[in-house]
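# Coordinate inspection notes
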Amino acid sequence: MKNIVFTDDLTREIEACEAHYFSDRVKSLALEEGNPSGAGILSCGGALALNVSTIRDEMHNRIMMPGIISNDDVVSGLEFLRANVKSCRIDVPPTINTVEIMPTLSGLGFVHRDFYNGHVGEAEDVLKRLADDSSRPPPSLSIRPYAAAELKQYIDCFSEGHDIKADERKVIASGFSAILNSPVARMWGAWQGGELAGVGLLLIRNQIGHLASVTTRAQFRRLGIHRYLLKSRINDAVAAGCRLVSAHTAVASASQRNLHRVGLRLAYTKAIWRSRDG
């Protein structure tokens, strides 16, 4: 970690990885004929307002701030969202001037509800730590990259692992399938006895390999699948020329502990604001 300098620019780069991941998913939905999911994106200065009206999930109805913003940018984003959904989420990274933004958010009916962490590590260092681990997947477990013919299995596993509501799965599937076909996305799956047990995504942007959307079906948890998927994606990131790897997790979560065991470190903590009546 001695070669990583923790700066506002690094924070913005990691936030941008996450923001582009979700905005690409929403954009693909908005481009569907007739836009049946009611998807839309508004760029407000250095902020992005994302909206999918047919999904109640706040991850698809929120404002992200990967760039430099003003209070007016936030107000514009909220006007856009509130015209389409009742509640939403606002991600406020530490690069934002909270002295100015907090009174604005409070005045607009939002309260600070939670924190979320961004993590980063040197890709080759993390890979070395993983290589030093002598554990190997059991013979019955196969870790391999996504193949187009497996789209349905991947979408089903992703939906089950993230407990996506049945009436929202079709919309989630449409956005997710667009990501799987993106040249910057690398998806890996863990197959147990012919069944897809878990999936994990790698997104490559500006020499950063961003780790996202890892999940395991309930019956296959506690088998080390997350770690095997992590190792495959880190190896993929290094092969693609990534200098850093990054990820977001809930504070003090099992995912955070797993990442820190292999060399990623806390880069920043962002505040999550939600509607007061949400």
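Bear in mind the structure is a predicted one, so any value in this text is a computation, not a measurement.

## Overview of the pairing of strand E4 (residues 89-92)
Both faces of E4 are covered, namely the face carrying Arg89 and Asp91 and the face carrying Ile90 and Val92. Of the strand pairs in this sheet, strand E3 (residues 62-64) and E4 are connected by two bridges, and their pairing is parallel. For Ile63, the partnering residue across the bridge sits in E4 and is Ile90. Crossover E3 to E4 through helix H2 (residues 71-82) is right-handed. Bridge analysis of E4 against strand E11 (residues 265-275) gives four bridges, and the strand direction is antiparallel. What sits directly across from Ile90, in E11, is Trp273.

## Structural notes on the environment of Arg233
Position of Arg233 relative to the elements: it lies in helix H7 (residues 225-239). By relative accessible area, Arg233 is classed as buried at 3%. Placed 131 residues apart in sequence, Arg233 and Met102 show a C-alpha to C-alpha distance of 37 Å. Of note is the side chain of Arg233, whose polar atom sits 3.0 Å from the backbone oxygen of Leu201.

## Describing the sheet that holds strand E8 (residues 195-205)
Within the open sheet, the 11 strands sit side by side as E1-E2-E3-E4-E11-E5-E10-E9-E8-E7-E6. Their pairing is mixed. This sheet does not close on itself; its edge strands, each paired only once, are strand E1 (39-44) and strand E6 (141-145). The mean angle between the axes of side-by-side strands here comes to 25 degrees, regardless of whether they run parallel or antiparallel. Where E1 and strand E2 (residues 47-52) come together, six bridges link them in antiparallel fashion. Of the residues in E2, the one forming a bridge with Leu42 is Ala49.

## Regarding the nonpolar core
Residues Tyr21, Tyr154 and Met187 are the most contacted members of the largest nonpolar core, which totals 32 residues. Among the secondary structure elements, those contributing two or more residues to this core are helix H1 (8-30), E2, helix H5 (151-161), helix H6 (169-180), strand E7 (185-192) and E8. Of the residues forming this core, the biggest block, six residues, is contributed by H6. Beyond its immediate stretch of four places on either side in the chain, Met187 contacts Pro145, Tyr146, Tyr154, Phe176, Leu180, Val199, Gly200 and Leu201. Within the second largest apolar cluster, 19 residues are counted, among which are Ile101, Phe110, Ala271 and Trp273.

## Regarding H6
Since one α-helical turn is 3.6 residues long, residues separated by three or four positions face the same way. An ideal rise of 1.5 Å per residue puts 16 Å on 12 residues; H6 measures up with 16 Å between its terminal C-alpha atoms. Val171, Ile172, Ala173, Gly175, Phe176, Ser177, Ile179 and Leu180 are the residues of H6 that are buried. Residues of H6 that are buried sit in contact with H1, E2, H5, E7 and E8.

## Points about the packing of aromatic side chains
Following the criterion strictly, the structure yields four aromatic pairs and no others. With centroids separated by 5.0 Å and ring planes inclined at 55 degrees, the aromatic side chains of Tyr21 and Phe22 adopt a geometry described as tilted. Judged on exposure class, the residue Tyr21 and its partner Phe22 are both buried. Chaining the aromatic ring pairs together yields one cluster made of Tyr146, Tyr154 and Trp191. Across the ring face of Phe22, the terminal group of Arg62 is positioned such that the distance to the ring centre comes to 4.5 Å. The ring of Tyr116 carries the charged tip of Arg89 above its face, separated from the ring centre by 5.5 Å.

Thresholds, definitions, all that
- Residues numbered from 1 in each chain as written.
- Predicted model: local features only at pLDDT ≥ 70, side-chain atom pairs only at ≥ 80, totals over all residues.
- Heavy atoms only, no water.
- Buried < 20%, exposed > 50% of the residue type's maximum accessible area, 1.4 Å probe, protein only.
- Helix = DSSP H or I, 4+ residues; strand = E, 2+ residues; numbered from the N terminus.
- Pairing = 2+ DSSP bridges.
- Right-handed = clockwise from strand over helix to strand, strands pointing away.
- Polar contact = N/O pair within 3.5 Å; in protein donor to acceptor, adjacent residues only side chain to side chain.
- Axes fitted to C-alpha atoms, helices over the stretch in contact; angles between N-to-C directions.
- Core = buried A, V, L, I, M, F, W, Y, C linked by side-chain atoms within 4.5 Å.
- Contact = heavy atoms within 4.5 Å.
- Expected span 1.5 Å × (residues − 1).
- Phe/Tyr/Trp six-rings, centres within 6.5 Å; stacked < 30°, edge-to-face > 60°.
- Lys NZ or Arg CZ within 6 Å of the ring centre and 35° of its normal.

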